[in-house]
Amino acid sequence: MTDLTSLTLAEARKGLDSKTFTSLELTDAHLKAIEEARALNAFVLETPDQARTMAREADAKITKGEGGPLAGIPLGIKDLFATKDVRTTACSKILGNFVPPYESTVTSQLWRDGAVMLGKLNNDEFAMGSSNETSCFGPVGNPWRREGSNTTLVPGGSSGGSASAVAALLCMGATATDTGGSIRQPAAFTATVGIKPTYGRCSRWGIVAFASSLDQAGPIARTTRDAAILLRSMAGHDPKDTTSVDIPVPDYEAAIGRSVKGMKIGIPREYRLDGMPAEIEKLWSEGAEWLKAAGAELVEVSLPHTKYALPAYYIVAPAEASSNLARYDGVRYGLRVPGKSIGELYENTRAEGFGAEVRRRVMIGTYVLSAGYYDAYYIRAQRVRTLIKKDFEDCFAKGVHAILTPATPSAAFGIGEKGGADPVEMYLNDIFTVTVNMAGLPGIAVPAGKDAQGLPLGLQLIGRPFDEETLFSLGEVIEQAAGRFTPVRWW
Ligand code: GLN
């Protein structure tokens, strides 16, 4: 039998249905792979007993012909999703050994459909970061290395554990979240597929909140088809999240292989940055050519407020974060560092519980929301956000179906290489992705090629609200043309 971990989710589903192997065998193969890959630090908690129990249950259901759409498929869960009776920390010291008494809506839908939980995946603390280096559990290794080099690279972030685990064949797919790029950037750094659906498509209930008006869950998988299968289970209306939208969830998988003939693809002028590496330029034109060859029409478009997206994001996101993170006070759950008064207890707990990047965001957020600065910063950033959204609306009103851009301005970099002295250097990673969150639109990152050092690069497709299907169709065209990319095992 071929190694079960190298199957795609769709292939595994077939094998399970035809009883070529059981979910327990598939799960055991992944648990073994996880054990052998501890050097990557992708998992912060392994749940083998629970995984085997869930796998046996799935096998029983499959035998009875009652298996759901994900019956027996082993997945990894970003540690930002609350999992009932299983430690959930957002990779922050402040949550300590918090064990939620409830399950997030997204994960509960995965279990409803028969998936198996392998464990919890590493991420940047409270999902703040682009390299997974802010996690209290330490950095994650990217399974990809530069040709001829032993330097361990970051897998991107904040969903670094999810991307690394999927790329290293430790799970068949993973949950992730994206506030400014945290699904798409790590996907691009690891040659995996990541989709951030439209804001409101997946319930945020039970996901540790970072910036509530931007946060959105989505899958990271090895193919566009696998991502489509996962998103169908993750998406849907939830009365417990008032921003979740009550429109039917389509069969996303049906969009795979659908013709893209006649689709208008926008190429935004403003994404052509000064000093952009020639390899990224080349990848972008190649991607456009592939879509053209499949019958799509390319049109140059303008998104004039693009350059304000990153600065506006770094006002809106910290503002919301400072408000969301006010709940971590050491009183009801998580870490508690005592003090002589309740005020001191708060101060001590928060000073010790939050890492440097989180403290920076809380301070920026508090500052931009404070009396006297609120109008100058926060209100202004919200106005800019409206303009960014309008840029996209204008573009779609002209008949554009989707917009093609690079996913990231560079390939993966080394651990400790970026953002040490200047945090903005790290923030620039999200230059192509934050606009999409600011506008609430869906965006997919698909592996499209490699740089001169052999590292994967991704392209991004941005779609109309709730038109994830078009992104899957176009994404698959790129995937077919570019081929699949697998890292050489070193761990
Ligand atoms: N890198 C961005 C940030 O640190 C986005 C993170 C995310 O999408 N969660 O805010």
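These numbers come from a predicted model, not from an experiment.

### Examining the packing of aromatic side chains
Where two aromatic rings form a pair, the distance of their centres and the angle of their planes describe that pair.
Moving on, step 1. Enumeration over the complete set of coordinates arrives at 17 aromatic pairs.
Moving on, step 2. Look at Tyr367 and Tyr377: their rings are 6.0 Å apart centre to centre, the planes differ by 55°, and that puts the pair in the tilted class. With Tyr367 in helix H11 (residues 356-369) and Tyr377 in helix H12 (residues 374-397), the pair connects residues that are ten residues apart, well separated along the chain.
Moving on, step 3. A centroid spacing of 5.9 Å and a plane angle of 90° characterise the contact between Trp490 and Trp491, whose relative ring orientation is edge-to-face.
Moving on, step 4. Exposure remark for Trp491: the relative accessible area of 17% places this residue in the buried category.
Moving on, step 5. Aromatic rings pair up to connect Phe98, Phe126, Tyr328, Tyr333 and Phe354 into one cluster.
Moving on, step 6. One residue, Arg145, lies across the ring of Trp490, its end atom 3.8 Å from the ring centre.
Moving on, step 7. The ring of Trp205 carries the charged tip of Lys240 above its face, separated from the ring centre by 3.9 Å.

### Focus on the site of the ligand
Moving on, step 1. Close contacts around the ligand come from 15 residues, with Thr179, Gly180, Ser182, Tyr313 and Asp430 the closest.
Moving on, step 2. Separating a nitrogen atom of the ligand from a backbone N or O atom of Ala127 is a distance of 2.8 Å.
Moving on, step 3. In this structure, Tyr313 approaches the ligand through a side-chain N or O atom, which is 2.6 Å from an oxygen atom.
Moving on, step 4. When the ligand sits alone it has 300 Å² of accessible area, and the protein chains cover 100% of it.
Moving on, step 5. Across the shell around the ligand, the residue classes tally to five nonpolar, seven polar and three charged.

### Digging into the packing of helix H9 (residues 309-324) against H12
Moving on, step 1. Where H9 contacts H12, the axes come no closer than 9 Å and their chain directions differ by 125°. Between H9 and H12, the angle falls in the class oblique. Here H9 runs over H12; the crossing is left-handed. Contacts between H9 and H12 involve Ala309, Ala312, Ile315, Val316, Ala319 and Glu320 from the first element and Tyr377, Tyr378, Ala381, Gln382, Val384, Arg385 and Ile388 from the second.
Moving on, step 2. Across the contact of H9 with H12, the residue classes break down as ten nonpolar, one polar and two charged.

### Some details on the pairing of strand S8 (residues 297-301)
Moving on, step 1. Here strand S7 (residues 264-268) pairs with S8 via five bridges, running parallel. Paired with Ile267 across the bridge in S8 is Glu300.
Moving on, step 2. Running through helix H8 (residues 278-293), the crossover from S7 to the neighbouring parallel element S8 is right-handed.

### Description of a nonpolar patch on the surface
Moving on, step 1. A contiguous nonpolar patch, built from Val331, Ile342 and Tyr346 and spanning about 250 Å² of accessible area, is present on the exposed surface.
Moving on, step 2. Along the chain, Val331 turns up in the loop between H9 and helix H10 (342-353).

### Focus: helix H3 (residues 48-63)
Moving on, step 1. For H3, built from 16 residues, the straight-helix expectation of 22 Å at 1.5 Å per residue is met to within 8% by its first-to-last C-alpha distance of 22 Å.
Moving on, step 2. Inspection of H3 places Ala51, Met54, Ala55, Ala58, Asp59 and Ile62 among the buried residues, and these make up the whole buried set. Looking straight down H3, one finds its buried side chains confined to an arc of 145°; they lie on one side. Every exposed residue of H3 that faces more than 90 degrees away from the buried side is listed here: Asp49 and Thr63.
Moving on, step 3. Tucked inside the fold, the buried residues of H3 contact helix H1 (9-17), helix H2 (23-36), helix H4 (105-112) and strand S3 (116-121).

What counts, and where the lines are drawn
Residues numbered from 1 in each chain as written. Predicted model: local features only at pLDDT ≥ 70, side-chain atom pairs only at ≥ 80, totals over all residues. Heavy atoms only, no water. Phe/Tyr/Trp six-rings, centres within 6.5 Å; stacked < 30°, edge-to-face > 60°. Helix = DSSP H or I, 4+ residues; strand = E, 2+ residues; numbered from the N terminus. Buried < 20%, exposed > 50% of the residue type's maximum accessible area, 1.4 Å probe, protein only. Lys NZ or Arg CZ within 6 Å of the ring centre and 35° of its normal. Near = heavy atom within 4 Å. Polar contact = N/O pair within 3.5 Å; in protein donor to acceptor, adjacent residues only side chain to side chain. Areas by Shrake-Rupley, 256 points an atom, 1.4 Å probe, with all protein chains shown as cover. Nonpolar A, V, L, I, M, F, W, Y, C, P; charged D, E, K, R; others polar. Axes fitted to C-alpha atoms, helices over the stretch in contact; angles between N-to-C directions. Parallel < 35°, antiparallel > 145°, perpendicular 65-115°, else oblique. Left-handed = near helix turned anticlockwise from the far one by under 90°. Contact = heavy atoms within 4.5 Å. Pairing = 2+ DSSP bridges. Right-handed = clockwise from strand over helix to strand, strands pointing away. Patch = residues over 30% accessible without salt bridge, like charges linked within 9 Å, V, L, I, M, F, W, Y side chains within 5 Å. Salt bridge = Lys/Arg side-chain N within 4 Å of Asp/Glu carboxyl O. Expected span 1.5 Å × (residues − 1). Arc of directions from axis to C-beta.

Nothing here speaks to function; it is geometry throughout.
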